[in-house]
Amino acid sequence: MPGINFQKLRDEISMERVLELLSFQGTRRQGNQWYGYCPLHESEPKHRTAFSVNLAMHCYYCHKCKSCGDQFTLWAQATRTPIRQATINLCYQLRQDVPWIRR
Ligand SMILES: [Zn+2]
């Protein structure tokens, strides 16, 4: 099975795009650093900034469920699909070619 070039894909499918697909509602923004409710679980109103994401660094972290990673990890967690399959599904959904690593 060929691998997926995540590095290339990270530039093509931004964290912002994935957040948009997950209907993420940011509650606070400081430049590239966004905060809001975690899209991975039900949050109480007091958890309005539990989820933080850095668009420039392509990473997120939830202080509540401790989930962290890049946009593909987030998508995999949100869709409860293994990362590889989740990423392929994401590419199809966005009509994006999967950047396979050919050996
Ligand atoms: Zn969370």
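Residues numbered from 1 in each chain as written. Predicted model: local features only at pLDDT ≥ 70, side-chain atom pairs only at ≥ 80, totals over all residues.

**Student:** Explain the sheet that holds strand 6 (residues 68-69) residue by residue, including any values.
**Tutor:** Read across the sheet, 5 strands follow the order 2-3-4-5-6 without closing on themselves; strand pairing throughout is antiparallel. Edge strands, defined here as strands with exactly one partner in the open sheet, are strand 2 (26-30) and strand 6. Relative to strand 6, strand 5 (residues 59-62) is paired through 2 bridges, and the arrangement is antiparallel. Counted as the bridge partner of tyrosine 60 is glycine 69 from strand 6. (Pairing = 2+ DSSP bridges. Helix = DSSP H or I, 4+ residues; strand = E, 2+ residues; numbered from the N terminus.)

**Student:** Tell me about the pairing of strand 2, and name the residues and values.
**Tutor:** Where burial is concerned, little of strand 2 is hidden: 0 out of the 5 residues are buried. Relative to strand 3 (residues 33-36), strand 2 is paired through 4 bridges, and the arrangement is antiparallel. Among the inter-strand pairings, glutamine 30 is bridged to a residue of strand 3, identified as glutamine 33. The loop that links strand 2 with its antiparallel partner strand 3 comprises 2 residues; one of these, glycine 31, has a positive phi angle of about 60°. (Buried ≥ 20, exposed ≤ 12 C-beta atoms within 10 Å, placed from the backbone.)

**Student:** With reference to specific residues and values, describe the pairing of strand 3.
**Tutor:** Residues of strand 3 alternate between two faces, with Trp34 and Gly36 buried on one and Gln33 and Tyr35 left unburied on the opposite face. Where strand 3 and strand 4 (residues 51-54) come together, 4 bridges link them in antiparallel fashion. What sits directly across from glutamine 33, in strand 4, is asparagine 54.

**Student:** Talk me through the nonpolar core; I want residue IDs and the actual numbers.
**Tutor:** Core analysis: the biggest nonpolar cluster contains 17 residues, and Val18, Leu19, Phe51, Val53 and Trp75 have the highest contact counts within it. At the level of elements, helix 2 (15-21), strand 4, strand 5 and helix 3 (71-79) are the ones that each hand at least two residues to this core. Considering each element in turn, this core owes the most residues, 4 residues, to helix 3. (Core = buried A, V, L, I, M, F, W, Y, C linked by C-beta atoms within 7 Å.)

**Student:** Quick one: what's the story with the environment of tyrosine 60, residue by residue and with numbers?
**Tutor:** If you trace the backbone, tyrosine 60 turns up in strand 5. Accessibility expressed as a C-beta count within 10 Å gives 26 for tyrosine 60, which makes it buried. Separated by 22 residues in the primary sequence, tyrosine 60 and cysteine 38 place their C-alpha atoms 9.8 Å from one another. Excluding anything up to four places from it in sequence, tyrosine 60 contacts Phe51, Ser52, Val53, Cys68, Gly69 and Leu74. (Contact = placed C-beta atoms within 7 Å.)

**Student:** Help me get a handle on the packing of helix 3 against helix 4 (residues 83-93), residues and values and all.
**Tutor:** Relative orientation of the contacting elements helix 3 and helix 4 amounts to 100°, with a least axis distance of 9 Å. Taken together, the axes of helix 3 and helix 4 are roughly perpendicular relative to one another. Counting all contacts with helix 3, which are made through Phe72, Thr73, Trp75, Ala76 and Thr79, the residues of helix 4 involved are Ile83, Ala86, Thr87, Asn89 and Leu90. The residue inventory of the contact of helix 3 with helix 4, partitioned by class, reads 6 nonpolar, 4 polar and no charged. (Axes fitted to C-alpha atoms, helices over the stretch in contact; angles between N-to-C directions. Parallel < 35°, antiparallel > 145°, perpendicular 65-115°, else oblique. Nonpolar A, V, L, I, M, F, W, Y, C, P; charged D, E, K, R; others polar.)

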